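Chain by chain, the residues run as shown.
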Amino acid sequence: MKAMNRRKLFTVCATIAVASLAVTAIPAQAAEVGVSSSEIKLGMTLPMTGTASPGYNKIPGAVKAYFDYVNANGGINGRKLTLVVKDDQYVPTLAVAKTNELILKDKVMALLAPLGTANNKAVASVVNPGARGIPTLFVNTGFSGFADKKKYPTTFSLLPSYIMEAKIMAEYIKDNFAGKKLGLLYQDDDFGDDALAGFKQAGLNFDVKVAYASGSQGDKVSPAQWVTKLQAGGAEVVILFGVSSATAAALGTASVMKFAPQWILGSVGGDATTIKASGVPAGVLYNAVGASFAPATTDTADEYVKLFQEIYLKANPTETFDNNVMVGMNTAFLTAQALKAAGTNPTRKSLIAAIEKSGKNFASAALVPLNYSTTSHVGYNGYWFGKYSPTGDLKPAGGVYTVYTTDSGNGAVVKSTYKRPAMPAKGLPN
Amino acid sequence: MDKLKGANKLGLYVVSGFILFLLGNRVDELRVYQGASIAVFVVAISSIILLTGYSGQVSLGHGALMAIGAYSAVISRNSFHTPVILTFVIAVLIAAIGGALLGAAAARLSGPYLAGTTLALAIGLPSLANQFSILGGEQGIFFDVGFPPPSLGEGFTQYKWFFWIAALAALISMWLVANILRSRFGRNWRAGRSNETAAALSGINVSRSKILAFTISAGVAGLAGALLSMTIGIVSPSAFPLTLSFSLLTGAVLSGVSTLSGVMIGAVTLVAIPEIADAVATRIGVSERLTTNLPGLMVSTLLILTVLFVPNGPVEQHRTRQARKAAREKH
């Protein structure tokens, strides 16, 4: 009886083996992975759920809204753009698993704007798109290291680096708040370390520094501890260098605890929509200093803001047009131009070459120049400062954008003379 | 006679290995990667089956034992540049030591108390990594087993290399576990599980045999942890959440908790469910929150259904039915 069972097991195993060998015919190789005659497929990982998700989870909607606009206007050389989105919950191990899925299962041509410093580092080292020639366009992190072309040959930075931001912020503080006691709240990982490097470079010293672990903003106790430490240190000016949810937690808790220093918010965290989504009134932002490289989202006189707002609200009538949406749509706009520049039959190689060759001249909504070249994968390199209105909108001081630029090295912080070129007709790639 | 049987079984594993080798060469990268994940789950679930099904001890904390294995492997690899094979051996040994300590405590506990203790371990242990910088905090440490040897050819991908390592480890550990279960130790465990007093009366040192079960199970779990972190490339607390411990237990129940041969069912299900959930979510276009939670919901539903309809697992169920049929034919 037992022997018969074993024979049966063998037969079953053999049948399965033969069947699977017969079924799996090797698929015909297309011209390029993720590019068909009618479609170009791109993939994105970011937190769509979980503690860090508020605010960022609007980015895919923004990108898709612009892609749909392009598709409705004939696509890129007749191909429509599609975006596959995967939720990584801001967890590096999940980012790795989801990126593997995007590459192996969804077979995307390129990764687009994957979010988070730690996540991108994990993906770069484990999935290694660089060695496999898979473009990673416009990573959604300001970690300065990603612009290193030797280490990350297929990765393009977009946001000004945290080092640049810290250097420019230090300059702003020296000009406006000299002699005040300084506090800093930062995320205790590569994201925060990059900022620390920038502040150190600029020679800015803090009277009280508080580091928080990523994710701890979600618990009930941590934010109160941060505020208590900052308060005890006597900070008069406090820089918040964290993600949106942590910024919201810090501002909300400080307002409850009646701690009201002059806040300076890093570009990553100062977002009214997220703060409201976290159950904190946007009023806590009032008078805080913030930094941005894109035009103010309330500035409807700006041609990009006007068009992007129109496209976005048409696709998402119940949502608010905010800075995350603005930056998301601008990223989509750059992606469309890059794909167009990559030729009639774009490949991963030609896409990278196109950005290196002409990325510097891509039209963009930002008030800061792009710095792509065959030797540089640095995107934007500067910021303007403004203050938040009672409704939580960042507006430039005196209504004029004063843009400062610098680099991630020893370069000085200088006032930019960059003039943004006019938007191409209908906001579509030429 | 017994020896001959063992050799026969070994043949079966060698044949399975050959079939896996052929399959690995034919399917695409995604399937190879999933194959590696299945192999990891096979190892992990077999450690639960050994502990719960055979020695009758419940563990909700196997995720923590996997974490011990994974961290031991990555630290030995990164700090001392140990060869890949050795890192897995180290993972097994250190996790086994952890298991022996836990087993010593577990031998005094039973039922809900044991479940509670191991649960606390699953929650607490991985987050220890946040306290010691050598463990890399929440961001974790990269675990790189290196590229496949160049002699395997250009087209030999990293994923296939993972698959080879994981599948080989799974076959070896399954063979060992199957043999241990058929040995004196396995019989002792089963005796202890059925009736501790009777087992003690027949000369079995029940608590020692329980500790041994915990030790071996932990060693196997440690191997699974090291393999898991190899496939995802990072060791971090987030790789060993509480849900991992729970899904392993679910996998064991699906496999039939007292039948090692059903282990593939649990492993394949655990890997297939996120796929199915993803397909369902895409088809009906549900919200992001539901998409994220759908796999968990499906696993739980399946667990409830299994407990309701095939409490001993499909393999055991099939065997019982066969035995009954045979008995009827005899009459």
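Residues numbered from 1 in each chain as written. Chains lettered and ligands numbered in written order. Predicted model: local features only at pLDDT ≥ 70, side-chain atom pairs only at ≥ 80, totals over all residues.

**Looking at the overall build of chain B**
So, step 1. Scanning chain B from terminus to terminus reveals 13 helices and two strands.
So, step 2. A compact globule built from 331 residues would reach a C-alpha radius of gyration of about 20 Å, and chain B, at 20 Å, matches this within 12%.
So, step 3. Dimensions of chain B, computed from the C-alpha atoms along their principal axes, are close to 60 × 50 × 45 Å.
So, step 4. By the burial criterion, 46% of the 331 residues in chain B qualify as buried.
So, step 5. In chain B, the proportion of contacts linking residues at least 24 apart, taken out of those at least 6 apart, comes to 78%. (Helix = DSSP H or I, 4+ residues; strand = E, 2+ residues; numbered from the N terminus. Rg over C-alpha atoms; globule rule 2.2 N^0.38 Å. Buried ≥ 20, exposed ≤ 12 C-beta atoms within 10 Å, placed from the backbone. Contact = placed C-beta atoms within 7 Å.)

**As for the overall build of chain A**
So, step 1. Along the backbone of chain A there are 13 helices and 14 strands.
So, step 2. The C-alpha atoms of chain A give a radius of gyration of 23 Å, which matches the 22 Å a tight globule of 430 residues would have.
So, step 3. Projecting the C-alpha coordinates of chain A onto the three principal axes gives extents of approximately 85 × 60 × 45 Å.
So, step 4. Here chain A, with 430 residues, has 55% of them falling under the buried criterion.
So, step 5. Long-range contacts, defined here as pairs at least 24 residues apart, represent 72% of the contacts in chain A between residues at least 6 apart.

**What about the sheet that holds strand 1 (residues 39–46) of chain A?**
Residues and elements named next belong to chain A.
So, step 1. Across the sheet, five strands lie side by side as 2-1-3-4-5; this open sheet has parallel pairing. The two strands at the open ends of the sheet, each matched to only one other strand, are strand 2 (80–87) and strand 5 (155–157). Along the sheet, successive strands turn relative to each other by an average axial angle of 25°, direction set aside.
So, step 2. Bridge analysis of strand 3 (residues 110–112) against strand 4 (residues 136–139) gives two bridges, and the strand direction is parallel. Its bridge partner lying in strand 4, Leu112 is registered against Leu137. (Pairing = 2+ DSSP bridges. Axes fitted to C-alpha atoms, helices over the stretch in contact; angles between N-to-C directions.)

**Things to note about the UniProt feature "transmembrane region" (unreviewed entry) in chain B**
All names here are of chain B.
So, step 1. The UniProt record marks residues 6–24, 36–54, 84–107, 161–181, 211–234, 246–273 and 294–311 with the feature "transmembrane region" (unreviewed entry), using the residue numbering of this structure.
So, step 2. Span residues 84–107 is 96% helix and 0% strand, its end C-alpha atoms 34 Å apart.
So, step 3. Segment residues 246–273 splits into 75% helix and 0% strand. End C-alpha atoms: 15 Å apart. (UniProt positions renumbered as here; feature names shortened; annotations may be inferred.)

**Points about the nonpolar core**
So, step 1. Core analysis: the biggest nonpolar cluster contains 229 residues, and Tyr66 and Leu185 of chain A together with Val43 and Ala166 of chain B have the highest contact counts within it.
So, step 2. By residue number, the principal contributor to this core is helix 2 (residues 29–54) of chain B, which donates 16 residues.
So, step 3. Here this core spans two domains, and each of domain 1 (39–160 + 298–381) and domain 2 (162–292) of chain A adds at least three residues to it.
So, step 4. Setting aside chain neighbours within four positions, we find Ala166 of chain B in contact with Ala36, Ala39, Val40, Leu227 and Thr231 of chain B. (Core = buried A, V, L, I, M, F, W, Y, C linked by C-beta atoms within 7 Å. Domains from an automatic or database assignment.)

**A few points about the UniProt feature "domain: Leucine-binding protein" (unreviewed entry) in chain A**
So, step 1. Here, UniProt's "domain: Leucine-binding protein" (unreviewed entry) annotation points to residues 39–389 of chain A.
So, step 2. Summarising residues 39–389 of chain A: 40% helix, 16% strand, and an end-to-end C-alpha distance of 43 Å.

**Remarks on the environment of Ala97 of chain A**
So, step 1. By secondary structure assignment, the location of Ala97 of chain A is in helix 3 (residues 92–104).
So, step 2. With 93 residues separating them along the chain, Ala97 of chain A and Asp190 of chain A place their C-alpha atoms 21 Å apart.

**Here we look at the interface of chain B and chain A**
So, step 1. On the chain A side, the residues contacting the 24 residues of chain B number 25 residues.
So, step 2. Of all the elements in the fold, those that place two or more residues in the side of chain B that touches chain A are helix 1 (2–26), helix 2 and helix 12 (288–309) of chain B.
So, step 3. Here the side of chain B that touches chain A gets five residues from one element, more than from any other, and that element is helix 1 of chain B.

**So, the domain arrangement of chain A**
Residue and element names in this part refer to chain A.
So, step 1. Partitioning chain A into structural domains gives domain 1 (39–160 + 298–381) and domain 2 (162–292).
So, step 2. Distance from the C-alpha centre of domain 1 to the C-alpha centre of domain 2: 27 Å.
So, step 3. The interface of domain 1 with domain 2 comprises 16 residues on the first partner and 21 residues on the second.
So, step 4. If you list the elements that add at least two residues to the side of domain 1 that touches domain 2, you get helix 4 (117–126) and helix 12 (323–341).
So, step 5. Among the elements that take part in the side of domain 1 that touches domain 2, helix 4 stands out by supplying three residues, more than any other.
So, step 6. Split into classes, the residues belonging to the side of domain 1 that touches domain 2 amount to five nonpolar, nine polar and two charged. (Nonpolar A, V, L, I, M, F, W, Y, C, P; charged D, E, K, R; others polar.)

**Observations regarding helix 7 (residues 190–201) of chain A**
All names here are of chain A.
So, step 1. The terminal C-alpha atoms of helix 7 lie 16 Å apart, and with 12 residues this matches the ideal 16 Å at 1.5 Å per residue to within 8%.
So, step 2. Within helix 7, burial applies to Phe191, Gly192, Asp194, Ala195, Gly198 and Phe199. Taken around the axis of helix 7, the buried residues stretch over an arc of 155°, which confines them to a single face.
So, step 3. Structurally, helix 7 contributes buried residues whose contacts are with helix 4, helix 6 (162–176), strand 6 (182–187), strand 7 (208–212) and strand 8 (237–241).
So, step 4. A positive phi of about 70° marks Gly203, the residue just after helix 7. (Expected span 1.5 Å × (residues − 1). Arc of directions from axis to C-beta.)

**Points about helix 4 of chain A**
All names here are of chain A.
So, step 1. For helix 4, the tally of buried residues reaches nine of 10 residues, placing the bulk of the element in the interior.
So, step 2. Regarding helix 4, the residues found buried are Thr117, Ala118, Asn119, Asn120, Lys121, Ala122, Val123, Ala124 and Val126.
So, step 3. Asn128 lies just past helix 4 and shows a positive phi near 55°.

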